[in-house]
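So the chains spell out like this:
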Amino acid sequence: MVTPWQINEQDFPRDGDSAEKLQFLLRYAILAPSSHNTQPWKFSVAEDEIQVLVDRTRWLKVADPDQRELYISVGCALENLLIAAEHFGYGHQVAYFPEPTNEELAVTVKFMPHGEPSPFREPALFDAISSRHTNRKFYEERPIPQSDLQHLQNRCVEEGIWLHMTDDLEIKRKADELIIRLAAISSEVNNRELQVKVGQVFERVCLAATILGIRVHPMSQILEIPELKTEVSKLIPKSDVFPQHTFRLGYAEQEKGHTPRRQLEEVLV
Ligand SMILES: Cc1cc2nc3c(=O)[nH]c(=O)nc-3n(C[C@H](O)[C@H](O)[C@H](O)COP(=O)(O)O)c2cc1C
């Protein structure tokens, strides 16, 4: 059976109608990381527009009581969608929560032909979509070059979102003995729109790290333990921000194989 990971850009339906082309972009969206691989997304495709919806039936009530990871996961899928759209030459206009009382409709994306790629989405991110993994292996004590860290830092462009990375030994020790570099993405306001944007930044950082040979491992449990959450908050030089997502970065043996994905047809509405 062909898995969603066996994707070939040559299969883009150049002679197909507009909706068929947009649907092809979603094949990249569904390869995104998600909390416990829940893949909590659904998509509705129209002629020049895709609605990205939150699939609440896949919400993990106990592990993610405030649905933070749910919305971050949807943001990861959105970022893959936009990277794929830019790769195939589309411009896009994203409206977050276009119906203010409808928290299920996370985003509407309108697509236009002949778009300019965004400067913070370098073309190589597209190829990294199908080679990215979460890496839970042992991380070496090799430091990440400053220039690579700066490159990752520059992937965080969204207003109201901050990416912080630390080598602080005390924080590392409290979080996990094996962490080489701990990173946190935080937001100015604790709302759904910024949580989706946190997911976008996280996925962009994952893909940029993949290109640089740097491994990434999300560690949500850090924010679930109040003592560790307080420590993580200290690594963020700004006060009054909301830590949304934490992960470690470093060098490790490559993960083999991919985690499964649902077929695209299962997430279309
Ligand atoms: C919001 C979010 C939270 C996550 N939290 C954890 C975590 O706490 N521990 C962990 O090992 N992986 C975590 N992951 C990684 C997922 O388990 C992983 O993305 C999923 O299993 C799919 O595998 P892949 O990333 O290799 O494609 C998280 C991912 C996301 C997007």
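All figures in this text were calculated on a predicted structure; none of them were measured in a lab. (Residues numbered from 1 in each chain as written. Predicted model: local features only at pLDDT ≥ 70, side-chain atom pairs only at ≥ 80, totals over all residues. Heavy atoms only, no water.)

**Focus on the overall build of the chain**
1) Next: Helix and strand counts for the chain come out as 8 helices and 8 strands.
2) Next: Expected size for 269 residues packed as a compact globule is a radius of gyration near 18 Å; at 18 Å, the chain falls within 12% of this value.
3) Next: Every one of the 269 residues in the chain was classed for burial, and the buried ones make up 52%.
4) Next: When contacts within the chain are restricted to residue pairs at least 6 apart in sequence, those whose partners lie at least 24 apart make up 74%.
5) Next: As displayed, the chain has an accessible area near 12600 Å², and 50% of this comes from carbon and sulfur atoms.
6) Next: For the chain, the distance from the average position of its 30 positive side-chain charges to the average position of its 41 negative side-chain charges is 4 Å. (Helix = DSSP H or I, 4+ residues; strand = E, 2+ residues; numbered from the N terminus. Rg over C-alpha atoms; globule rule 2.2 N^0.38 Å. Buried < 20%, exposed > 50% of the residue type's maximum accessible area, 1.4 Å probe, protein only. Contact = heavy atoms within 4.5 Å. Areas by Shrake-Rupley, 256 points an atom, 1.4 Å probe, with all protein chains shown as cover. Lys, Arg positive; Asp, Glu negative; His and termini not counted. Charge placed at Lys NZ, Arg CZ, Asp CG, Glu CD.)

**Structural notes on the sheet that holds strand β8 (residues 242-250)**
1) Next: A sheet is described by the order of its strands in space; here 4 strands give the open sequence β5-β6-β8-β7, paired in antiparallel fashion. Whereas interior strands pair on both sides, the edge strands pair on one side only; in this sheet they are β5 (161-166) and β7 (215-218). When the angles between neighbouring strand axes are averaged without regard to direction, this sheet yields 25°.
2) Next: Sheet topology places β7 next to β8; 4 bridges connect them, and they run antiparallel. Among the inter-strand pairings, Arg 215 is bridged to a residue of β8, identified as Gly 250.
3) Next: Seen against the sheet, helix α6 (residues 192-212) touches β5, β6 (181-187), β7 and β8 and runs at an angle of roughly 10° to β8. (Pairing = 2+ DSSP bridges. Axes fitted to C-alpha atoms, helices over the stretch in contact; angles between N-to-C directions.)

**Description of unusual backbone geometry**
1) Next: Non-glycine residue Gln 39 carries a positive phi angle of around 50°.
2) Next: Note that Gln 39 resides in the loop between α1 (18-29) and β1 (41-45).
3) Next: A residue is classified by how much of its surface remains accessible, and Gln 39, at 5% relative accessible area, is buried.
4) Next: Of note in this structure, Phe 97 is not a glycine but carries a positive phi near 45°.
5) Next: Tracing the backbone through its elements, the reader meets Phe 97 in the loop between β3 (91-96) and β4 (105-112).

**Structural notes on the site of the ligand**
1) Next: As a structural note, the neighbourhood of the ligand is formed by 20 residues, with Arg 132, Thr 134, Arg 136, Ser 220 and Arg 261 the closest of them.
2) Next: Between Arg 132 and the ligand, the recorded distance is 2.8 Å, taken from a side-chain N or O atom to an oxygen atom.
3) Next: A distance of 3.0 Å is found between an oxygen atom of the ligand and a side-chain nitrogen or oxygen belonging to His 217.
4) Next: Across the complex, the protein chains shield 91% of the 610 Å² of accessible surface that the ligand would expose by itself.
5) Next: Residue assignment for the shell around the ligand shows that the elements contributing at least two residues are α2 (68-87) and β7.
6) Next: Broken down by element, the shell around the ligand gets its largest block of residues, 3 residues, from α2.
7) Next: Taken together, the residues that form the shell around the ligand break down as 4 nonpolar, 12 polar and 4 charged.
8) Next: When residues of the shell around the ligand are sorted by domain, at least three fall in each of domain 1 (18-133) and domain 2 (146-250). (Near = heavy atom within 4 Å. Polar contact = N/O pair within 3.5 Å; in protein donor to acceptor, adjacent residues only side chain to side chain. Nonpolar A, V, L, I, M, F, W, Y, C, P; charged D, E, K, R; others polar. Domains from an automatic or database assignment.)

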